[in-house]
Amino acid sequence: MAESMMSKAATMEIPINSNGDSRNLAEDDSLEQAAKIQWSLREKVGSPAGLRDLQQVMVSGPNLNETSIVSGGYGGTTEGIIPTSSIKGSNMHHGSSNSSMTAEEATRGVAVEKFDIVKKWGLNTYKCTKQLISERFGRGSRTVDLELEAQIEVLRETKRKYENVLQLARALTNHFYSMVQTQHALGDTFADLSLKSPELRDEFGYNAETQKLLCKNGETLLGAINFFVSSINTMVNKTMEDTLMTIKMYENARLEFDAYRADLEELNMGPRDAVTMARIEAAQQQYQIHKDKYERLRSDVSIKLKFLEENKVKVMHKQLLLFHNAISAYFAGNQQQLEQTLKQFNIKLKPPGADKPSWLEEQ
């Protein structure tokens, strides 16, 4: 075993030369040096300490990851040393480079897509701005639907008037609420004075009861007015506003349609070479797309205006009847008719203090 270990140790240090020529002096020197190492190892292995040293050297030998491959050129004496760790490193670098290339291509694709979107938006904005300026200065033509434009103008005027009604109804609610609170405080004061003034007990008592009755009827009327205000607010700020948003989309579509129509007309008036024909075909496609969009939104606006008018008549008929009956019953002092009016329109009054949070919610 010791002989085989010595032979392995001796041969590990012998490099591989290019041609194996016996006349090479470097090979003679290396062979002589190997013989000396083998003779010294034989002497050391003879002792136990030498055997332990040799085993330690063999156990703690060079790591395979750190070894080098020694090679020589076929026609020369030069030696090339290739670290084995560089092989693994090159593979890892190749894999990371592939992943980085994939990420870079994906990023480039997203950037190109965003650039195309911005480009289309910029071109569309330029065409629409050009068309709008032409219309303002009277140099461009615009598509007009006279019947639909008249209905849109009526809706805008109606919305302005209903907003005024809503503002006045809210002001009435605030003033009437202040009056009801004043009547409530006055009734409490009369009731307190009737207890502290025996000589005027009956007079103060009558007035206290009257103010409490007026306060109760006032709270009932406030419930009816609040329902009226809530319904008008829903119709003005939700139903009408939704229709006006559709109208705004329709007007933008009309402007885009006229812009692309003018662009197509301008191209048709120019020369008819190959480049121009390709541009005319592309402009024709865009013109058709925006024409379909314009006609679709025009149809949507017509339908919404029709349904809005029907809904407005139905809602206002109910709300105006409620407002009239409640106001008439209150100022006539007919408490029974006032309560019947609220039941007729399914209006439920909130009990006093219902809007205030509980003591648990205040914590």
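Residues numbered from 1 in each chain as written. Predicted model: local features only at pLDDT ≥ 70, side-chain atom pairs only at ≥ 80, totals over all residues. Heavy atoms only, no water.

Enquirer: In this structure, what is going on with the overall build of the chain? I would like to understand it.
Expert: On a plain count of helices and strands, the chain comes out with nine helices and two strands. Across the 363 residues in the chain, those meeting the buried criterion constitute 26%. Taking the intrachain contacts of the chain between residues at least 6 apart in sequence as the baseline, contacts between residues at least 24 apart amount to 74%. A total accessible area of about 25,600 Å² is found for the chain, and carbon and sulfur atoms account for 58% of it. (Helix = DSSP H or I, 4+ residues; strand = E, 2+ residues; numbered from the N terminus. Buried < 20%, exposed > 50% of the residue type's maximum accessible area, 1.4 Å probe, protein only. Contact = heavy atoms within 4.5 Å. Areas by Shrake-Rupley, 256 points an atom, 1.4 Å probe, with all protein chains shown as cover.)

Enquirer: When you look at the packing of helix 5 (residues 146–196) against helix 6 (residues 201–268) in this model, what are you seeing that I'm missing?
Expert: Each pair of packed helices gets described by two things: the angle between the helix axes and the distance between those axes. Two numbers describe how helix 5 lies on helix 6: the axes approach to 7 Å, and their chain directions differ by 160 degrees. With respect to helix 6, the axis of helix 5 lies roughly antiparallel. The element helix 5 and its partner helix 6 pack so that their crossing is left-handed. Taken together, the residues that form the contact of helix 5 with helix 6 break down as 31 nonpolar, 14 polar and eleven charged. (Axes fitted to C-alpha atoms, helices over the stretch in contact; angles between N-to-C directions. Parallel < 35°, antiparallel > 145°, perpendicular 65-115°, else oblique. Left-handed = near helix turned anticlockwise from the far one by under 90°. Nonpolar A, V, L, I, M, F, W, Y, C, P; charged D, E, K, R; others polar.)

Enquirer: I tried to follow the environment of Ala208 on my own but got confused; where do I start?
Expert: In this fold, Ala208 is placed in helix 6. Considering only alpha carbons, one finds Ala208 and Gly187, 21 residues apart in sequence, at a separation of 4.3 Å. When residues no more than four places from it in sequence are discounted, the contact partners of Ala208 are Gly187, Phe190 and Ala191.

Enquirer: Where do I start with the pattern of salt bridges in this structure?
Expert: When their charged atoms lie close together, side chains carrying opposite charge are able to pair. All told, the structure shown has twelve salt bridges when counted by the stated rule. Between Arg298 and Asp145 there is a salt bridge whose closest N-O contact spans 4.0 Å. Taken together, the positions of Arg298 in helix 7 (residues 274–331) and Asp145 in the loop between helix 4 (85–136) and helix 5 put the pair 153 residues apart, joining distant regions of the chain. For Asp145, a relative accessible area of 22% puts it in the partly exposed group. The salt bridge involving Asp192 is made with Lys196; its shortest N-O contact spans 3.4 Å. Linking Asp192 with Lys196, this pair stays in helix 5, spanning four residues, or about one helical turn. According to the relative accessible area criterion, Lys196 is exposed, its value standing at 62%. In the salt-bridge network here, residues are joined through shared partners; they are Arg254, Asp258, Arg261 and Glu265. (Salt bridge = Lys/Arg side-chain N within 4 Å of Asp/Glu carboxyl O.)

Enquirer: Quick question: what am I supposed to make of the side chain of Ser194 here?
Expert: Residue position: Ser194 is located in helix 5. In terms of polar contacts, Ser194 uses its side chain to reach the backbone carbonyl oxygen of Ala191, at 2.6 Å. Non-local contacts of Ser194, meaning those with residues more than four positions away in its chain, are made with Arg201, Phe204 and Gly205. (Polar contact = N/O pair within 3.5 Å; in protein donor to acceptor, adjacent residues only side chain to side chain.)

Enquirer: What am I meant to see in the side chain of Thr173 here?
Expert: As for its position among the elements, Thr173 is in helix 5. Ignoring any residue separated from it by four or fewer positions in sequence, one finds Thr173 in contact with Leu222, Ile225, Asn226 and Val229.

Enquirer: How do you make sense of the UniProt feature "coiled-coil region" (unreviewed entry) in the chain when you look at a structure like this?
Expert: UniProt records the feature "coiled-coil region" (unreviewed entry) at residues 145–172 and 250–311, using the numbering of this structure. A helix fraction of 96% and a strand fraction of 0% characterise residues 145–172, whose end C-alpha atoms lie 41 Å from each other. (UniProt positions renumbered as here; feature names shortened; annotations may be inferred.)

Enquirer: Where do I start with the packing of helix 7 against helix 8 (residues 335–344) in this structure?
Expert: At a minimum axis separation of 8 Å, helix 7 and helix 8 run at an interaxial angle of 160 degrees. Viewed along their axes, helix 7 and helix 8 adopt a mutual orientation that is roughly antiparallel. Along this stretch, helix 7 crosses helix 8, giving a crossing that reads as left-handed. On helix 8, the residues that touch Leu322, Asn325, Ala326, Ala329 and Tyr330 of helix 7 are Gln337, Leu338, Thr341 and Gln344. Broken down by class, the residue content of the contact of helix 7 with helix 8 amounts to five nonpolar, four polar and no charged.

Enquirer: Sorry if this is basic, but what is going on with the nonpolar core here?
Expert: One recurring pattern in soluble globular proteins is that nonpolar side chains are buried together. Core analysis: the largest hydrophobic core is formed by 43 residues, its most contacted members being Ile152, Leu155, Ile232, Ile247, Tyr250, Val301 and Leu305. Of all the elements in the fold, those that place two or more residues in this core are helix 5, helix 6, helix 7 and helix 8. With 18 residues, the top contributor of residues to this core is helix 6. With residues up to four places along the chain from it excluded, the contact list for Ile247 reads Ile152, Leu155, Arg156, Val301 and Leu305. (Core = buried A, V, L, I, M, F, W, Y, C linked by side-chain atoms within 4.5 Å.)

Enquirer: Please clarify how the packing of aromatic side chains should be interpreted in this entry.
Expert: Each aromatic ring pair is specified by the distance between its two centres and by the angle formed by the two planes. Following the criterion strictly, the structure yields seven aromatic pairs and no others. Members of the aromatic cluster, connected to one another through ring pairs, are Tyr250, Phe257, Tyr287 and Tyr294. (Phe/Tyr/Trp six-rings, centres within 6.5 Å; stacked < 30°, edge-to-face > 60°.)

Enquirer: Explain the environment of Met277 to me, please; I cannot follow it from the model alone.
Expert: Position of Met277 among the secondary structure elements: in helix 7. As a C-alpha pair, Met277 and Leu267 span ten residues in sequence and 8.7 Å in three-dimensional space.

Enquirer: What am I meant to see in unusual backbone geometry here?
Expert: Glycine aside, negative phi is the norm for most residues, and most peptide bonds take the trans geometry. We note that Asn346 has phi near 55 degrees; this positive angle belongs to a residue other than glycine. Checked against the element boundaries, Asn346 lands in the loop between helix 8 and helix 9 (359–362). Exposure remark for Asn346: the relative accessible area of 67% places this residue in the exposed category.

Enquirer: I tried to follow the confidence of the model for the chain on my own but got confused; where do I start?
Expert: As a note on interpretation, predicted positions should not be read in detail where pLDDT is low. Mean pLDDT for the chain: 76, with 69% of residues reaching 70 or above. Least confident of the elements in the chain is strand 1 (residues 68–72), whose mean pLDDT is 42; most confident is helix 5, at 94. Note that residues 57–88 has pLDDT below 50 and, in this model, 33 contacts with residues that lie over four places away or in other chains. (pLDDT = per-residue confidence, 0-100.)

Enquirer: Help me out: how do you make sense of the environment of Ser194 in this one?
Expert: The exposure class of Ser194 is buried, given its relative accessible area of 9%. Sequence separation between Ser194 and Gly205 is eleven residues; the distance between their C-alpha atoms is 5.7 Å.

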